[in-house]
Amino acid sequence: MLMDGQTTLIGMRKRTLFRLATATVATGAAALAYASLVERNMFTLRRFDVPVLPTGTEPLRVLHLSDLHMTPNQVRKQQWVASLAALDPDLVVVTGDNMAHPGAVPGVLRALQPLLDYPGAFVFGSNDYTGPVWKNPFSYFLPDREYTDGVELPTEDLRDVLTGAGWVDLNNRRTTVKAGGRAIDMAGVDDPHVERDDYASVAGPVSSTADLSIALTHSPEPALLDEMAADGFGLLLAGHTHGGQVCVPGVGALVTNCGLPRSMAKGLHRWPGSDSWLHVSAGLGTHPTAPVRFACPPEASLLTLIPS
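The rules behind the values
Residues numbered from 1 in each chain as written. Predicted model: local features only at pLDDT ≥ 70, side-chain atom pairs only at ≥ 80, totals over all residues. Heavy atoms only, no water. Helix = DSSP H or I, 4+ residues; strand = E, 2+ residues; numbered from the N terminus. Buried < 20%, exposed > 50% of the residue type's maximum accessible area, 1.4 Å probe, protein only. Contact = heavy atoms within 4.5 Å. Areas by Shrake-Rupley, 256 points an atom, 1.4 Å probe, with all protein chains shown as cover. Patch = residues over 30% accessible without salt bridge, like charges linked within 9 Å, V, L, I, M, F, W, Y side chains within 5 Å. Salt bridge = Lys/Arg side-chain N within 4 Å of Asp/Glu carboxyl O. Pairing = 2+ DSSP bridges. Axes fitted to C-alpha atoms, helices over the stretch in contact; angles between N-to-C directions. Polar contact = N/O pair within 3.5 Å; in protein donor to acceptor, adjacent residues only side chain to side chain. Arc of directions from axis to C-beta. Core = buried A, V, L, I, M, F, W, Y, C linked by side-chain atoms within 4.5 Å. Lys, Arg positive; Asp, Glu negative; His and termini not counted. Charge placed at Lys NZ, Arg CZ, Asp CG, Glu CD. Phe/Tyr/Trp six-rings, centres within 6.5 Å; stacked < 30°, edge-to-face > 60°. Lys NZ or Arg CZ within 6 Å of the ring centre and 35° of its normal.

Per an unreviewed UniProt entry, the chain goes by Metallophosphoesterase and derives from Micromonospora lutea.

Spelled out as structure tokens, the structure:
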């Protein structure tokens, strides 16, 4: 038989556990509401100086966009991206995953229309070919998980819009682009994440007559980046990672969804063992079945290329 004091102590412990459980649930609900309603709409412009130009040359500004994952009703995102034309970039680069819905092309066009007046180049990601499907979020921790195709997307319609405006299609292609009064040796691959890349078809040392060199890929796979860096490309641009999308403050990304180290999930880094710089965009969208961001707001980046 319990004494009165023991009964009181047990009751206090039960109430304490109940309060802790209630507080945990409330905190989780608040975090989810913040991640889904607030942060995923906190569009942010990041700025970096990248020392890749020859001594004594004028800076060149590159606007890097990635992972729009556009759906038709995302008017706020469309307006924000369109407003970036006020930055007056010398070159616009888009590293894929523009769509998340079969009817996304008009929305992508509304977002990019003011930027199409500037020189531009692009590569595609897997979600420019097929739409996203629901995934168990914990599957991203599995390195060998199988990729599942969703509904077919209007890839060629999007390609026609971009190339019709004069932007360069760099999906397994290489060319010289004129921007900001400079000749830029540019190469790109289609998405390595779904094995559409063919770097061998565009590989080779950078042009000695170009003023600078830039290589593009959607998914920043280390083996591919090693090859691009070995060929002498000074700036490597990628997306795909969403910066981790859901990050832990003070820790950062938990996954990158590719072979890239978590410490490089977003931002500007010197690529190891080379003179190349890698910039990975955390992107502007989310997977439609997981419309949340935490400690990793959606972003575009203005890269000011400066003398090294």
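**Some details on the overall build of the chain**
Across its full length, the chain holds five helices and 14 strands. For the chain, with 308 residues in total, the buried portion stands at 50%. Within the chain, contacts between residues at least 6 apart in sequence are counted, and of these 73% link residues at least 24 apart. Accessible surface, the chain as shown: approximately 14,200 Å² in total, 58% of it carbon and sulfur.

**Describing a nonpolar patch on the surface**
There is a patch of nonpolar side chains on the surface, built from V248, V251 and L254 and spanning about 230 Å² of accessible area. By the secondary structure assignment, L254 is in the loop between β11 (252-253) and β12 (267-270). Look at L254 and you get partly exposed, because its relative accessible area is 37%.

**Observations concerning unusual backbone geometry**
Backbone geometry at D67 places phi at a positive 55 degrees, although glycine is not the residue there. If you trace the backbone, D67 turns up in the loop between β2 (60-65) and α2 (75-83). Judged by its relative accessible area of 0%, D67 falls in the buried class. The residue E195 is not glycine, and still its phi comes out positive at about 60 degrees.

**Quick word on the sheet that holds strand β6 (residues 173-179)**
Overall, mixed pairing links the six strands, which are arranged β6-β7-β8-β9-β13-β12 in an open sheet. A single partner strand is all that each edge strand has here, and the edge strands are β6 and β12. In this sheet, neighbouring strand axes are inclined to one another by 25 degrees on average, regardless of whether the strands run parallel or antiparallel. Both strand β7 (residues 182-188) and strand β8 (residues 212-216) contribute to a ladder of five bridges, which runs parallel. The residue bridging M186 from the neighbouring strand is I214, located in β8.

**A few points about the side chain of Q245**
Along the chain, the position of Q245 falls in the loop between β9 (235-238) and β10 (247-248). Of note is the side chain of Q245, whose polar atom sits 2.7 Å from the side chain of H242. Non-local contacts of Q245, meaning those with residues more than four positions away in its chain, are made with T286, H287, A290, V292, R293, F294 and C296.

**Brief notes about helix α4 (residues 155-164)**
All buried positions along α4 are accounted for by T155, L158, R159 and L162. In an axial view of α4, the angular spread of the buried residues amounts to 100 degrees, which keeps them on one side of the axis. Contacts made by the buried residues of α4 are with α3 (105-112), β4 (120-123) and β5 (168-169). Note on α4: the residue one or two positions beyond its end, G166, has a positive phi of about 100 degrees.

**Focus: the pairing of β6**
Sheet topology note: the β6/β7 ladder contains seven bridges and is antiparallel. Across the sheet, the residue bridging to R174 is A187, located in β7. Between the antiparallel neighbours β6 and β7 lie two residues, among them G180 with a positive phi of about 60 degrees.

**What about the nonpolar core?**
Core analysis: the biggest nonpolar cluster contains 31 residues, and L65, V81, L115 and W167 have the highest contact counts within it. Going through the elements one at a time, β2, α2, β3 (91-95), α3, α4 and β14 (299-307) are the ones with two or more residues in this core. Take this core: its biggest share by element is four residues, from α3. Here V81 is in contact with L65, L68, A111, L112, L115 and L284, once residues within four sequence places are set aside.

**A closer look at a negative patch on the surface**
On the surface, a cluster of negative charge is contributed by E195, D197, D198, D226 and E227. Here D197 shows up in the loop between β7 and β8.

**As for the side chain of S281**
Relative to the helices and strands, S281 resides in the loop between β13 (277-280) and β14. Looking at S281, its side chain comes within polar contact range of the main-chain nitrogen of G283, at 3.0 Å. The residues contacting S281, other than those within four sequence positions of it, are H64, S66, A238, G239, T241 and E299.

**Notes on the packing of aromatic side chains**
All told, the structure shown has three aromatic pairs when counted by the stated rule. Between F122 and F124, the ring centres sit 5.3 Å apart and the planes meet at 40 degrees, which makes this aromatic pair tilted. Each of the two residues, F122 as well as F124, counts as buried. An aromatic cluster is built from F122, F124 and Y129, whose rings are joined through pairwise contacts. Positioned above the aromatic ring of Y129 is the side chain of R196, whose terminal nitrogen or guanidinium carbon lies 3.6 Å from the ring centre.

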